[in-house]
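A look at the structure
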Amino acid sequence: MLTREENERLTRVGPGTPAGELLRRYWHPVAAAEELTDDRPTKFVRILGEDLVLFKDRSGRVGLIADHCAHRGASLLYGRVEERGIACAYHGWLYDTEGSCLECPAEPAGSMFHLTVKHRAYPVRQFAGLYWTYLGPLPAPEIPRYDVWVRTDGSQKIDVYPRLDCNWFQAMENSVDPAHLQILHQDSQGRRAPNTTRGFTDSVLGFDFYEVPYGIIKRRQYANGRIDEHPVIFPNILRVGNCTQIRVPMDDTHTNIFFVRFVPREIAGNGGGTDDESDVRYLEPFKTPSEAQHPFTRFRMDLTLAQDHMAWETQGPIADRSIERLATSDRGIVLLRQIMVREIDRVHQGTDPLGVVRDPNHPMIDTHLSESLEELMERGYAGTAELLPEAARAQ
Ligand code: FES
Ligand SMILES: [Fe+2]
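Owing to the predicted nature of the structure, the values given are computational and were not obtained by experimental measurement.

The next thing to look at is the nonpolar core. By size, the foremost hydrophobic cluster in this structure holds 70 residues, and its most contacted members are L54, W149 and M340. Split by domain, this core shows at least three residues from each of two domains, domain 1 (32-134) and domain 2 (147-393). Setting aside residues no more than four positions away along its own chain, L54 makes contact with V30, A31, L36, P41, T42, K43, V45, V62, G63, L64, V124 and Y131. Counting residues in each nonpolar core, the second largest holds 13 residues, with V53, C69, L76 and C101 among its members.

Donor atoms from the polypeptide that coordinate the iron ion (ligand 2) comprise H180 (NE2), H185 (NE2), D308 (OD) and D308 (OD), at 2.1 to 2.5 Å from the metal. Positions of the donor residues of the iron ion (ligand 2), expressed as sequence spacing, correspond to H-x4-H-x122-D. In this pair, H180 sits in the loop between α4 (168-174) and α5 (181-184) while D308 sits in helix α7 (residues 304-314), placing the two residues 128 residues apart along the sequence.

On to a negative patch on the surface. On the surface, a cluster of negative charge is contributed by D366, E371, E374 and E378. Looking at where D366 falls in the secondary structure, it is placed in the loop between α8 (331-348) and α9 (369-378). For D366, a relative accessible area of 45% gives the class partly exposed.

Following the criterion strictly, the structure yields twelve aromatic pairs and no others. Judged by centre distance (6.1 Å) and plane angle (75°), the ring pair of F207 and F209 falls under edge-to-face. Put simply, the rings of F127, W132, Y146, W149 and Y214 pair up and form one aromatic cluster. One Lys or Arg, R226, reaches over the ring of Y222 and ends 4.4 Å from the middle of that ring.

In this section: the sheet that holds strand β6 (residues 85-87). Pairing between the strands of a sheet comes from backbone hydrogen bonds, and it takes one of two forms, parallel or antiparallel. Pairing is antiparallel across the open sheet formed by four strands, whose spatial order is β5-β6-β7-β8. One side of each edge strand has no neighbouring strand; the edge strands of this open sheet are β5 (80-82) and β8 (101-103). Where β6 and strand β7 (residues 94-95) come together, two bridges link them in antiparallel fashion. Residue pairing in the sheet places A87 in a bridge with L94 of β7.

For the rest of this paragraph, the subject is the domain arrangement of the protein. Per the domain assignment, the segments making up the protein are domain 1 (32-134) and domain 2 (147-393). Between the C-alpha centres of domain 1 and domain 2 there is a distance of 33 Å. If you look at the interface, domain 1 gives 13 residues, while domain 2 gives 13 residues. Buried surface at the junction of domain 1 and domain 2, summed over both partners, amounts to about 1,100 Å²; 69% is from carbon and sulfur atoms. Seen at the junction of domain 1 and domain 2, the total is five residue pairs in polar contact (both at pLDDT 80 or more). Elements with a contribution of two residues or more to the side of domain 1 that touches domain 2: β2 (42-47) and β11 (130-134). When grouped by side-chain class, the residues that make up the side of domain 1 that touches domain 2 number seven nonpolar, two polar and four charged.

The rules behind the values
- Residues numbered from 1 in each chain as written.
- Chains lettered and ligands numbered in written order.
- Predicted model: local features only at pLDDT ≥ 70, side-chain atom pairs only at ≥ 80, totals over all residues.
- Heavy atoms only, no water.
- Core = buried A, V, L, I, M, F, W, Y, C linked by side-chain atoms within 4.5 Å.
- Buried < 20%, exposed > 50% of the residue type's maximum accessible area, 1.4 Å probe, protein only.
- Domains from an automatic or database assignment.
- Contact = heavy atoms within 4.5 Å.
- Donors = N, O, S within 2.8 Å, 3.2 Å for Na, K, Ca; no water.
- Helix = DSSP H or I, 4+ residues; strand = E, 2+ residues; numbered from the N terminus.
- Patch = residues over 30% accessible without salt bridge, like charges linked within 9 Å, V, L, I, M, F, W, Y side chains within 5 Å.
- Areas by Shrake-Rupley, 256 points an atom, 1.4 Å probe, with all protein chains shown as cover.
- Salt bridge = Lys/Arg side-chain N within 4 Å of Asp/Glu carboxyl O.
- Lys, Arg positive; Asp, Glu negative; His and termini not counted.
- Charge placed at Lys NZ, Arg CZ, Asp CG, Glu CD.
- Phe/Tyr/Trp six-rings, centres within 6.5 Å; stacked < 30°, edge-to-face > 60°.
- Lys NZ or Arg CZ within 6 Å of the ring centre and 35° of its normal.
- Pairing = 2+ DSSP bridges.
- Buried area = accessible area lost by both parts, 1.4 Å probe.
- Polar contact = N/O pair within 3.5 Å; in protein donor to acceptor, adjacent residues only side chain to side chain.
- Nonpolar A, V, L, I, M, F, W, Y, C, P; charged D, E, K, R; others polar.

Next comes the structure, spelled out in structure tokens:
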């Protein structure tokens, strides 16, 4: 149980909030790279409570700048992109990717007024099929070279999930909550549970957690001897199966979810159809109506991720942790909260938090992807069509 103040500290993401400042020390994806085209060169982005516009100018530079024009606030989503940047549709103030104003066309000839205008802008990088941004103090750190994102013996595929209409930290707590797998997801195990209340709980001997330099490893030991280990990459990524599930807070009560899947060539060439598979998939909403929130919508319950979205969203827009009843099986959640508090303090003291990487030449970071892939293959998953539900299942 947390006090209301502690709950706010862990969940709120806006500028100046403790968790918001922590999250601003990491790069986050904002769009699939293919989303910006010549025909559609702008995209609205809400991230960490900030409304922004992603755009690609005619020179190929990609920028992310504040949505409301510095002049009188029209949205730059409707701006015209040109060689030097994006020009507001209303009066043509022209911004480059750094947020510098290059021209205010309605000002008198020779006016230097535009030099006084500086618009909020954030750096953008293209990496692993996505555009990423960093909203924190400069210099920006590196995007960590996690195995799923940089291995070259296969390809990276992107899944863009339906928007999650609740706070990001509910999804993260779920990732250190191994007990729910055997119960919430009991119908997706390919066999019937002996008892619907217990699900497959009795097939697990126990679970534990330990810290690594980039997050927390969750370890399950099954009664049949199998050990399942996979990490939460702090603060907002679950690495499971062949995926990273990246949860990017839009604001306090909405979250974007991007999956990056690594598909090894040996699987791709094994009848999995990967070569034909598009690099980016956009998943349909899990609920009807898709824009409504509990109880004015209904989730489908025949997909693992839909079951998770149901559990996360029905906890409330921001779960009220002042009335929860934590039990023994919630010790991973307690650990994650302790680490959050510790890392928020580190940021407050001016230190880089857990997992921030500064060395541009750092070696690939091993999250035990090879072990996960071996296990997936041993269990007979030959194609990516099967890899996705399996990966989603093993949360
Ligand atoms: S509101 Fe953008 S140029 Fe006037
Ligand atoms: Fe789950």
